[in-house]
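# Coordinate analysis (summary)
One-letter residues, chain by chain:
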Amino acid sequence: LPATLTIPSGTGPWPGVVLVHGSGPNDRDETVGANKPFKDLGTGLASRGIAVLRYDKRTMVHRARVATLKDFTVTQEVIEDAIEAVKALRAQPGIDPQRVFVLGHSLGGMLIPRIGLADPTIAGLIVLAGPARPLEEAIVIQTRYLSMADGTISIEEQQAIDQVTAIANTVRALKTEEATSGRMISGAPASYWLDLRGYDPPSEARRVKAPMLILHGERDYQVTVEELGRWKAALGSRRDVTVRSYPALNHLFIAGTGASLPAEYQVPGHVAEEVIRDIATWI
């Protein structure tokens, strides 16, 4: 996979961070509309003495090949490449191999516990807007939020809610033997849904021994403040877990006002400096 390593000035050795994307075929900058949050994190953290490795997702680079796989899972989509990126970063000149961290955003944040369990030697784990509920629940909640954004639900919006509710019910009814069936549900094979079905990230995170930093934008409609509460409930008693939230920030950790909506992502902005500062200070 093509990648960019952003390094600080000087000779090191520096701590390093691998950035793990949200859902979809993301590029290394995690481009969303007019914004590039991973590019912001790369340059911002490097300016504070931390090397950053970001890469194009395999579902972007090898889209056609992935589409032919009947048993594709989130493990293949995200976790395997994150672990390989950690290995690659540790091997780079000027990097302190004992101080390599992993930062996951959105789906990447949701999978941080699984990444941490896959490589217990990772120095620390950072969750940005990590969902705390199974994917099949999240799609229904997001659709309802967007449908209610103007205060009413139209016939078309109710149909959209009914459609995603049906998808969620279909996922819940899947049998484990369907993992190799090649059955497609909302653009993803049954194997993908089964790999995530019922997954409870905060509970799984209790098994992770590495220190954790959990950050959340309070204007985030894709991952709600209530979900941040579930992370706190699961991990808040641990001294090696730090939780912070930012009232003005959205899902991309960009500042704004009022209710957050998808159109906001088309407005150019940058990851808030306080987020970059808090990550750098924690590392």
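Each remark here, short or long, concerns the structure printed above.
These notes cover the structure that comes with them. (Residues numbered from 1 in each chain as written. Predicted model: local features only at pLDDT ≥ 70, side-chain atom pairs only at ≥ 80, totals over all residues. Heavy atoms only, no water.)

Another point: the packing of helix H1 (residues 37-46) against helix H12 (residues 273-282). H12 packs onto H1 with a crossing angle of 55° between their chain directions and a minimal axis gap of 10 Å. If you check the angle between H1 and H12, you find them oblique. The two elements H1 and H12 cross, and the hand of that crossing is right-handed. Only Ile 276, Ile 279 and Ala 280 of H12 make contact with H1, whose side of the interface consists of Asp 40, Leu 41, Gly 44 and Leu 45. The residue makeup of the contact of H1 with H12, split by class, is five nonpolar, one polar and one charged. (Axes fitted to C-alpha atoms, helices over the stretch in contact; angles between N-to-C directions. Helix = DSSP H or I, 4+ residues; strand = E, 2+ residues; numbered from the N terminus. Parallel < 35°, antiparallel > 145°, perpendicular 65-115°, else oblique. Left-handed = near helix turned anticlockwise from the far one by under 90°. Contact = heavy atoms within 4.5 Å. Nonpolar A, V, L, I, M, F, W, Y, C, P; charged D, E, K, R; others polar.)

Turning our attention to empty space enclosed by the protein. What the rule picks out here adds up to one cavity of 30 Å³ or more. In this model, the largest cavity occupies a volume close to 40 Å³. Lining the largest cavity are Glu 30, Pro 37, Phe 38, Leu 41, His 105, Leu 128, His 251, Leu 252, Phe 253 and Val 271. Split by residue class, the lining of the largest cavity holds seven nonpolar, two polar and one charged. (1 Å grid on protein atoms, 1.4 Å probe; cavity = no way out; pocket = protein on both sides within 12 Å on 5 of 7 lines; lining within 4 Å. Points joined across faces, edges and corners; volume = space filled by probe spheres on them.)

Let us look at the layout of surface pockets. Taken as a whole, the largest pocket holds about 940 Å³ of empty space. Taken together, 41 residues form the lining of the largest pocket, with Ser 23, Gly 24, Glu 77, Leu 107 and Tyr 192 sitting closest to its centre. Considering every element that reaches the lining of the largest pocket, the biggest residue donor is helix H7 (residues 135-147), with four residues. In terms of residue class, the lining of the largest pocket is made up of 24 nonpolar, 12 polar and five charged.

This part takes up the nonpolar core. Of all hydrophobic cores here, the largest spans 49 residues; its most connected members are Val 18, Val 102, Ile 115 and Met 212. Looking at this core, the element that brings in the most residues is helix H4 (residues 74-90), giving eight residues. When residues no more than four places from it in sequence are discounted, the contact partners of Val 18 are Leu 53, Tyr 55, Ala 82, Ala 85, Val 86, Leu 89, Phe 101, Val 102 and Leu 103. Counting residues in each nonpolar core, the second largest holds 24 residues, with Leu 45, Leu 103, Ala 272 and Ile 276 among its members. (Core = buried A, V, L, I, M, F, W, Y, C linked by side-chain atoms within 4.5 Å. Buried < 20%, exposed > 50% of the residue type's maximum accessible area, 1.4 Å probe, protein only.)

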